[in-house]
Amino acid sequence: MMLDWLASYLLWISLLLLLVSSMTKKSLIALSGWLLFGVFWLNQPGHYMAINDYFNAILFAAAGLMCFYMAWIMTRRNGPSKAQLWASYAAAVCGMVYFPFAEIEPLREALIGFTTLMTVHALQALSVPVSMPSWNIMTLNGRSVEIILACTAIESIALFSGLIISVRAPIGRRAAALAVSIISIYILNLVRNGFVIMAYGWSWFGSASFEVAHNLIAKIGSVAALLLISYMIFLLLPELLSIIDELAADIRHPRGDAA
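Note that the structure is predicted; figures quoted are calculated from it, not measured.

Conventions and cut-offs
- Residues numbered from 1 in each chain as written.
- Predicted model: local features only at pLDDT ≥ 70, side-chain atom pairs only at ≥ 80, totals over all residues.
- Heavy atoms only, no water.
- Pairing = 2+ DSSP bridges.
- Helix = DSSP H or I, 4+ residues; strand = E, 2+ residues; numbered from the N terminus.
- Disulfide = S-S within 2.5 Å.
- Buried < 20%, exposed > 50% of the residue type's maximum accessible area, 1.4 Å probe, protein only.
- Core = buried A, V, L, I, M, F, W, Y, C linked by side-chain atoms within 4.5 Å.
- Contact = heavy atoms within 4.5 Å.
- Axes fitted to C-alpha atoms, helices over the stretch in contact; angles between N-to-C directions.
- Phe/Tyr/Trp six-rings, centres within 6.5 Å; stacked < 30°, edge-to-face > 60°.
- Lys NZ or Arg CZ within 6 Å of the ring centre and 35° of its normal.

Sheet topology note: the strand S2 (residues 137–140)/strand S3 (residues 143–146) ladder contains four bridges and is antiparallel. Note on S3: the bridge partner recorded for threonine 139 is serine 144. With antiparallel pairing between neighbouring strands as the criterion, S2 and S3 make up a hairpin whose turn holds two residues, including asparagine 141 at a positive phi of roughly 55 degrees.

Further remarks concern the state of the cysteines. Throughout the structure, instances matching the rule amount to zero disulfides. Not engaged in a disulfide, the cysteine cysteine 94 finds its nearest cysteine sulfur in cysteine 67; these two sulfurs lie 11 Å apart. By relative accessible area, which is 16% here, cysteine 94 ends up buried.

The subject of this paragraph is the nonpolar core. Judged by nonpolar contacts, the single largest core of 60 residues is most densely connected at Trp34, Phe37, Trp86, Phe99, Ile233, Leu237 and Leu240. Per-element accounting of this core gives the leading share, nine residues, to helix H5 (residues 82–103). When residues no more than four places from it in sequence are discounted, the contact partners of phenylalanine 37 are Leu11, Ser14, Leu15, Leu18, Cys67, Ala91 and Phe99.

Our focus in this paragraph is the sheet that holds S2. Taken together, three strands build an open sheet; the order of strands is S1-S2-S3 and the sheet is antiparallel. Looking at which strands have only one partner, the edges of the open sheet turn out to be strand S1 (131–134) and S3. Mean inter-strand twist for the sheet, computed between neighbouring axes without regard to direction, equals 35 degrees. The sheet contact formed by S1 and S2 spans two bridges and is antiparallel. For serine 131, the partnering residue across the bridge sits in S2 and is threonine 139. Packing of helix H6 (residues 105–125) onto the sheet brings it into contact with S1 and S2, and relative to S1 it is tilted by some 155 degrees.

Right, let's talk about the packing of aromatic side chains for a bit. Applying the stated criterion across every chain yields a total of 12 aromatic pairs. With a centroid separation of 5.2 Å and 85 degrees between ring planes, the pair formed by phenylalanine 40 and phenylalanine 99 is classed as edge-to-face. Taken together, the residues phenylalanine 40 in helix H2 (residues 27–42) and phenylalanine 99 in helix H5 connect sequence positions 59 residues apart. Here phenylalanine 40 matches phenylalanine 99 in class, with each residue buried. Through a chain of ring-to-ring contacts, three or more aromatic side chains come together here, namely Phe37, Phe40, Trp41, Phe60, Tyr98 and Phe99. Taking the ring centre of tyrosine 200 as reference, the NZ or CZ of arginine 143 above it sits at 5.3 Å.

These figures come from the coordinates and say nothing about function on their own.
Spelled out as structure tokens, the structure:
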């Protein structure tokens, strides 16, 4: 409990520091923000290991290590580069979109409940006899699936929102990119949830139907969908690809040496 309380404070402090650093261009503030953000992320894998979600455990561990690497890069330069300032701003925006739902229970429950309801309505419209015995439970053929925050696609929505909002580009193209990404992600997530409950309820893959559908097929499908959405966003916002390329160059050459 104490670690959770401390991690929560570290989270909001780190996001504030990253946001301030992107405005003030102060390396020390950015360094502190990335270090604290890294500590927060490295506190997360244990939860996912406990529920056998190794994909997210590895993902969050990698996020923590990348935050530490970003902090290390800050120590190798006289000041943050344009790409590093953008990364700090993007990380802050992503966090401010995602973490209110992750940390504030009424918001989290409202989003989970809405996603459950929308999935059930979509399936029933397709004549799938799924029911909703509880605010976050879907049942089909006597088998139930619980919808949690990770099933709402808020993580992906927050990621794309932060990247798009933080990039320097005309507001019209940014608004179009936001609409394309958010709508696509949310609809595809409903498809994902529907696929999992149908595969599990109707035992499409035998006794391991849930694990195969949720942990394998749905994960692969999600990655493929995010790659396709990323491609569409880069077509709308080539500036985003350019700044990501600059950041990649900073990561490869932390001292600013030529490639």
